Amino acid sequence: MKRLSLVFPFLCGIFFLIGCTSLPALSVQPESPEVLLVNITPLDATMFEQRLQVDLRVRNPNDFDLEVTGLDFTLHLNDQRLARGLTNKASTIPRLGDAVISVETTTSTLDVIRQLLQLSQRQEVSYQVDGVLYSQGTRLPFENKGMLLDTNEISGSSPGS
């Protein structure tokens, strides 16, 4: 019995140390990815809805692979909501790397027509994509804004001329 009382604390200490070795991996909170709009491809249309394929480049700033289990995003063009995309397609974004994720989504044909009418009145096309990337039981929010088309840059003129 005395021998058991000496061995028991030693075994508990060993199990405690083994358990602690897995804690750093669990405590690392991934940094949110950078998500950029790469392309929008019209697929097919009906009178009431338009199918689009939206390609997003996801950049992983972390020092480990991101196992993506899903993506939920909203795409705005010129501050107007164009589409919301959802996917549960799994993919892996390499550590300190990037990958393109393609998502098929549906939007209203009326929204697309409104966007086209506004494009004829504007000289630039800005976008905003924001949402959540699901990875390894974690929700990683993201937001990115950019310029798709600036006719001043194309024509070489400045905004004040």
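Quick note: structure is the one above.
Note that this is a predicted model, so its numbers are computed, not measured.

K.L.:
Can you help me understand the side chain of Thr 107 in this one?
P.N.:
Here Thr 107 lies in strand β6 (residues 98-108). We classify Thr 107 as buried; its relative accessible area is 6%.

K.L.:
Please explain the environment of Pro 94 as it appears in this structure.
P.N.:
Checked against the element boundaries, Pro 94 lands in the loop between β5 (91-93) and β6. A sequence separation of 30 residues divides Pro 94 from Phe 64, and the C-alpha atoms of the two residues are 7.1 Å apart. Leave out the neighbours within four places in its chain, and Pro 94 touches Asn 60 and Asp 65.

K.L.:
Looking at this structure, how should I read the sheet that holds strand β2 (residues 49-59)?
P.N.:
Sheet strands associate in pairs through backbone hydrogen bonding, adopting either a parallel or an antiparallel arrangement. Pairing in this open sheet of 3 strands is antiparallel, and the strands run β1-β2-β6 from one edge to the other. For this open sheet the edge positions go to β1 (34-45) and β6, each flanked by a neighbour on one side alone. When strand polarity is set aside, the average angle formed by the axes of neighbouring strands in this sheet is 20°. As judged from the 9 bridges shared by β1 and β2, these two strands associate in the antiparallel manner.

The rules we used
Residues numbered from 1 in each chain as written. Predicted model: local features only at pLDDT ≥ 70, side-chain atom pairs only at ≥ 80, totals over all residues. Heavy atoms only, no water. Helix = DSSP H or I, 4+ residues; strand = E, 2+ residues; numbered from the N terminus. Buried < 20%, exposed > 50% of the residue type's maximum accessible area, 1.4 Å probe, protein only. Contact = heavy atoms within 4.5 Å. Pairing = 2+ DSSP bridges. Axes fitted to C-alpha atoms, helices over the stretch in contact; angles between N-to-C directions.

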